[in-house]
Amino acid sequence: MTNVAIVVLDTLRLDIFNKYFQWVPGRRFEKAYATSHWTTPVHATLFTGRYATELGVHAKSPALDCLEPTLSELLDQEGYMTRAFSANPNVSRAFSFDRGFTEFR
């Protein structure tokens, strides 16, 4: 089974990432663009592949409580162990961003 890791480092410049994270193997996307200017809708898009506007995730509704399956839910169904570690209160259990994760801290 292939390992999948998605590393999200909010507001980290590419040159700093390259300096400290060169040891991380795998495919790099150096021309990725955010779908919004703030964390919650960007993570909703990252976790589902859909725009936050399609999911109904916005400032007055910040929870990921949409019907669409998340990437972690799909990976979990395929037998992957899914883990998430977030220090961001906007990407937390309180807003249902723990969906599909075997372990979420």
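**Q** If you had to explain the overall build of the protein chain to someone new, which residues and values would you point to?
**A** The number of helices and strands found in the protein chain is four helices and two strands. The helix and strand sequence of the protein chain, counted from the amino end, reads α-α-α-α-β-β. A globule of 105 residues ought to have a C-alpha radius of gyration of about 13 Å, and the protein chain, at 14 Å, matches this closely. Oriented by its inertia axes, the alpha-carbon framework of the protein chain measures out at about 35 × 35 × 20 Å. By residue count, 26% of the 105 residues in the protein chain fall in the buried class. In the protein chain, the share of contacts with a sequence separation of at least 24, taken over all contacts with a separation of at least 6, comes to 38%. In the form shown here, the protein chain has an accessible surface area of approximately 7800 Å², with 56% of it arising from carbon and sulfur atoms.

**Q** Please set out the pattern of salt bridges residue by residue, giving values where relevant.
**A** Opposite charge on two side chains allows them to pair when their charged atoms are near. For the structure shown, the criterion picks out seven salt bridges. Across the pair R13 and D15 runs a salt bridge whose closest N-O atoms are separated by 2.8 Å. The structure contains a network of salt bridges with shared partners spanning R50, E54 and E68.

**Q** Outline the nonpolar core, supporting the account with residue identities and numerical values.
**A** With nine residues, the main nonpolar core is built from A44, F47, A52, L55, V57, L64, C66, V91 and F97. Broken down by secondary-structure element, the contributors of at least two residues to this core are α2 (39–48) and α3 (52–55). Not counting residues up to four positions away in its chain, the partners in contact with C66 are T48, L55 and R99.

**Q** Run through the confidence of the model for the protein chain, naming residues and quoting values.
**A** Chain-level pLDDT for the protein chain is 89 on average; 99% of the residues reach the 70-or-more range. Taking the mean pLDDT of every element in the protein chain, the minimum, 85, falls on helix α1 (residues 14–20) and the maximum, 95, on helix α4 (residues 71–77).

**Q** So what's going on with the environment of D15? Residues and values would help.
**A** By secondary structure assignment, the location of D15 is in helix α1. In this structure the side chain of D15 is engaged in a polar contact, spanning 2.8 Å, whose partner is the side chain of R13.

**Q** Account for the environment of T45, with residues named and values stated.
**A** Tracing the backbone through its elements, the reader meets T45 in helix α2. Each C-alpha atom, one on T45 and one on L55, is 8.4 Å from the other, the two residues being 10 residues apart in sequence. Setting aside residues no more than four positions away along its own chain, T45 makes contact with T35, R50, Y51 and A52.

**Q** Residues and numbers for the packing of aromatic side chains, please.
**A** Scanning the model with the defined rule gives four aromatic pairs in all. Residues F47 and F101 carry aromatic rings whose centres are separated by 5.9 Å and whose planes lie at 65° to one another, so their mutual orientation is edge-to-face. Of the two residues, F47 sits in helix α2 while F101 sits in the loop between β1 (83–84) and β2 (103–104), which places them 54 residues apart along the sequence. Chaining the aromatic ring pairs together yields one cluster made of F47, F97, F101 and F104.

What counts and what doesn't
Residues numbered from 1 in each chain as written. Predicted model: local features only at pLDDT ≥ 70, side-chain atom pairs only at ≥ 80, totals over all residues. Heavy atoms only, no water. Helix = DSSP H or I, 4+ residues; strand = E, 2+ residues; numbered from the N terminus. Rg over C-alpha atoms; globule rule 2.2 N^0.38 Å. Buried < 20%, exposed > 50% of the residue type's maximum accessible area, 1.4 Å probe, protein only. Contact = heavy atoms within 4.5 Å. Areas by Shrake-Rupley, 256 points an atom, 1.4 Å probe, with all protein chains shown as cover. Salt bridge = Lys/Arg side-chain N within 4 Å of Asp/Glu carboxyl O. Core = buried A, V, L, I, M, F, W, Y, C linked by side-chain atoms within 4.5 Å. pLDDT = per-residue confidence, 0-100. Polar contact = N/O pair within 3.5 Å; in protein donor to acceptor, adjacent residues only side chain to side chain. Phe/Tyr/Trp six-rings, centres within 6.5 Å; stacked < 30°, edge-to-face > 60°.

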